[in-house]
Structures are given as C-alpha cells and as structure tokens.
Amino acid sequence: MEGLEIRVENVVCAYGSKTVLDRVSHTFSKGAVTAVLGRSGSGKSTMLQVINGLKKAKSGRILVGNDEVNDSTIQALRLKTGFVIQHTGLFPHMRVAKNISLLGQLTGMDEREMHARVDELMNISLLPLSYKEKYPHELSGGEQQRVGLCRALFLEPPVLLMDEPFASLDYVTKQSLYTYVEDLQKRNARTIILITHDFDEAVRLADEFVWIENGVVRETGNKEKLMSIKPLYLQG
C-alpha cells in the first residue's frame, strides 16, 4: 500500500495554560521520510500524537489522505498507521510472535496468513524465527526495537509514525536499523514521519525536514536545505 499525504493545518495544542503547538501547518509528502527536528519540549512529539489521535488539538485539523482525523475516523485511520516509540511499547506478558501479530488478531486475520506475515517480517528484520517464543525481556534493546517495527508494519500501513525510535540504542544497532528503514522505503515507499533530535540521523534518513522550536515551525525543506542549516541548528 503506497503512502498517504498528511496535512497539518493551523493546529493549536496546549497542556493546561501552556501552548505546545502554535498554529502549526505543514504538508508531509506522500511516500517521503520527513524528519521533525527540535529540542526537548519543542512540540515535535505532541504533533505526532495529534496526528495519531492520541492528543486532541484545541483548533485546526489533521488530514491523512482525504480523511480528517476525528472521533469517527480515528479507529480506521489507526489501521493505516504504524506507530513506533523509543522504548518499543511491547507487551511484556506476550511472546514476540503475539506482539508482532496483535493487529492481525484484532482485525480477524486468518491464522495461517498471520503466522506467515510474522515469519516474513522477522526474516526481513533479521530476527531468528526461534525468537517467536521469547518474551521481550529476553531480547536486546535493538532486537526489541526490531520487533516494534515489525508490529508497526504488520498490516503494511501506508503511514509510519516514529517517535525517536533509535535514541537509546548503541551505534552499531542504530546503523543496522537505519539500513532496515532505507530498505523498507526502497521496497514500498510509505509516508514516514521521524521525530528526532539527532541531526546526522535526519540527514541520513530523511527526504524532507521540519524544524520546530517553541511550538512553531522555524524551517522546512528538502535534504539539500537540511544539510545547509546544520550550523544554525546546532548553534540553537
């Protein structure tokens, strides 16, 4: 399934009296990886939560493809959206295979098809099939992150939302997962929004970027422009 364009239109979001997103607008291109850069507290994770319907905006709207994100559409839209967070969010009481196939179970997928999809994703992500019966705590951090990606990709969603998924990983594991994401895009270009504070990570993975500071969009552009703003970004 090919990617979907995502439009954020004049979104205002607040926690109590603190405005976290202040009239933010941006169009995330269909089939592109867009890095959302910014320091802690800049509003980048909140924007991802609003897109995924986990947080409601005070005003403005979000459109995924032709559908506006609201109470009546959110469940269907989530089936088109993979969500990956820094600490994987795996269920500790479920074995790896169950964690990966959770959405298949919830949508009534055929058992045989579900098992085949688990095997396919584990092979793609270089996870031994013997790990299917392991629990998350028996895996390394990088392996857990791969399982999280497998789960997010289980229904082949056209949209993948990633909130600093590589931040706590060692260098070697990061490089392996970067290659994994790049290979995914070569096979089937989906719309990926990658929240990160790591400039080099953004340069490697992103086709486009959005730089958010204090709840407003400071800069946007393509990879070439991203590389040109590095001194400004690092200077703060």
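Scroll up a little and you will see the structure.
Residues numbered from 1 in each chain as written. Predicted model: local features only at pLDDT ≥ 70, side-chain atom pairs only at ≥ 80, totals over all residues. Heavy atoms only, no water.

Chemist: Which residues make up the overall build of the protein, and what are the values?
Modeler: On a plain count of helices and strands, the protein comes out with 10 helices and 10 strands. In terms of C-alpha radius of gyration, the protein reaches 18 Å, essentially the compact-globule figure of 18 Å for 236 residues. Dimensions along the principal axes, computed over C-alpha positions, put the protein at roughly 45 × 40 × 35 Å. Scored against the burial criterion, the 236 residues of the protein give a buried share of 47%. Taking the contacts inside the protein whose residues are at least 6 apart along the sequence as the reference set, 69% of them involve residues at least 24 apart. Total accessible area on the protein is roughly 11300 Å²; 50% of this is exposed by carbon and sulfur atoms. (Helix = DSSP H or I, 4+ residues; strand = E, 2+ residues; numbered from the N terminus. Rg over C-alpha atoms; globule rule 2.2 N^0.38 Å. Buried < 20%, exposed > 50% of the residue type's maximum accessible area, 1.4 Å probe, protein only. Contact = heavy atoms within 4.5 Å. Areas by Shrake-Rupley, 256 points an atom, 1.4 Å probe, with all protein chains shown as cover.)

Chemist: Tell me about unusual backbone geometry, residues and numbers included.
Modeler: In this model, Glu 164 sits at a positive phi of 45 degrees, which is unusual for a non-glycine residue. Position of Glu 164 relative to the elements: it lies in the loop between strand E7 (159-163) and helix H7 (171-187). Its identity as a non-glycine residue notwithstanding, Asn 214 has a phi of 50 degrees, on the positive side. Here Asn 214 is to be found in the loop between strand E9 (208-213) and strand E10 (216-222).

Chemist: Explain the sheet that holds strand E1 (residues 6-15) to me, and be specific about the residues and the numbers.
Modeler: A sheet is described by the order of its strands in space; here 4 strands give the open sequence E2-E1-E4-E5, paired in antiparallel fashion. Single-partner strands in this sheet number two, and they are strand E2 (18-28) and strand E5 (67-68). Pairing analysis gives 5 bridges linking E1 to strand E4 (residues 59-64), with the strands arranged antiparallel. By the bridge assignment for E4, Ile 6 is matched with Val 64. (Pairing = 2+ DSSP bridges.)

Chemist: If you had to explain helix H1 (residues 44-51) to someone new, which residues and values would you point to?
Modeler: Every α-helix winds through 3.6 residues per turn, so residues three or four apart in the chain are directed the same way. Counting buried positions over the 8 residues of H1 gives 6, a clear majority of the element. Residues Lys 44, Thr 46, Met 47, Leu 48, Val 50 and Ile 51 constitute the buried set of H1. Just downstream of H1, Gly 53 is the residue with a positive phi angle, here 75 degrees.

Chemist: Can you tell me about the environment of Leu 234, naming the residues and giving the values?
Modeler: For Leu 234, the location among the structural elements is in helix H10 (residues 230-235). Taking relative accessible area as the criterion, Leu 234 reaches 52% and is therefore assigned exposed. C-alpha of Leu 234 to C-alpha of Phe 199: the two residues are 35 residues apart in sequence and 8.2 Å apart in space.

Chemist: Give a description of the nonpolar core that names residues and reports values.
Modeler: The biggest cluster of nonpolar side chains holds 31 residues, and the ones touching the most others in it are Ile 100, Met 122, Val 147, Leu 160, Met 162, Phe 166 and Tyr 180. Looking at this core, the elements that each hand over two or more residues are helix H3 (96-100), helix H5 (111-124), helix H6 (141-152), E7, H7 and strand E8 (191-196). If you tally residues by element for this core, the top one is H7, at 5 residues. When near neighbours in sequence (up to four residues on either side) are disregarded, Tyr 180 contacts Leu 121, Ile 124, Ser 125, Leu 149, Cys 150 and Leu 153. Formed by 23 residues, the second largest nonpolar core is a distinct cluster that contains Val 8, Cys 13, Phe 28 and Leu 48. (Core = buried A, V, L, I, M, F, W, Y, C linked by side-chain atoms within 4.5 Å.)

Chemist: Describe the pattern of salt bridges, listing the residues and the values that go with them.
Modeler: Under the defined criterion, the tally for this structure stands at 16 salt bridges. The closest approach of N and O atoms between Lys 230 and Asp 200, which form a salt bridge, is 3.2 Å. You can see Lys 230 sitting in helix H10 and its partner Asp 200 sitting in helix H8 (residues 199-205), a full 30 residues away along the chain. One salt-bridge network, held together by shared partners, links Glu 5, Arg 7, Glu 9, Arg 61 and Glu 68. (Salt bridge = Lys/Arg side-chain N within 4 Å of Asp/Glu carboxyl O.)

Chemist: An account of H6 is requested, with residue identities and associated values reported.
Modeler: Here H6 is 12 residues long and its end C-alpha atoms lie 17 Å apart, about the 16 Å a rise of 1.5 Å per residue gives. A large share of H6 lies buried, amounting to 9 of its 12 residues. Elements in contact with the buried residues of H6: strand E6 (81-85), H3, helix H4 (102-106), H5, E7 and H7. (Expected span 1.5 Å × (residues − 1).)

Chemist: Tell me about the packing of aromatic side chains, and please be specific about residues and values.
Modeler: Inspection of the entire model under this criterion finds 3 aromatic pairs. Between the aromatic rings of Phe 199 and Tyr 233, the centroid separation amounts to 5.4 Å while the plane-to-plane angle is 35 degrees, which identifies the pairing as tilted. Of this pair, Phe 199 sits in helix H8 while Tyr 233 sits in helix H10, placing them 34 residues apart in sequence. Exposure remark for Phe 199: the relative accessible area of 5% places this residue in the buried category. Grouping aromatic residues by their ring pairs yields a cluster made of Phe 199, Trp 211 and Tyr 233. For Arg 39, the ring lying beneath its charged end belongs to Tyr 233, and the centroid distance is 5.0 Å. (Phe/Tyr/Trp six-rings, centres within 6.5 Å; stacked < 30°, edge-to-face > 60°. Lys NZ or Arg CZ within 6 Å of the ring centre and 35° of its normal.)

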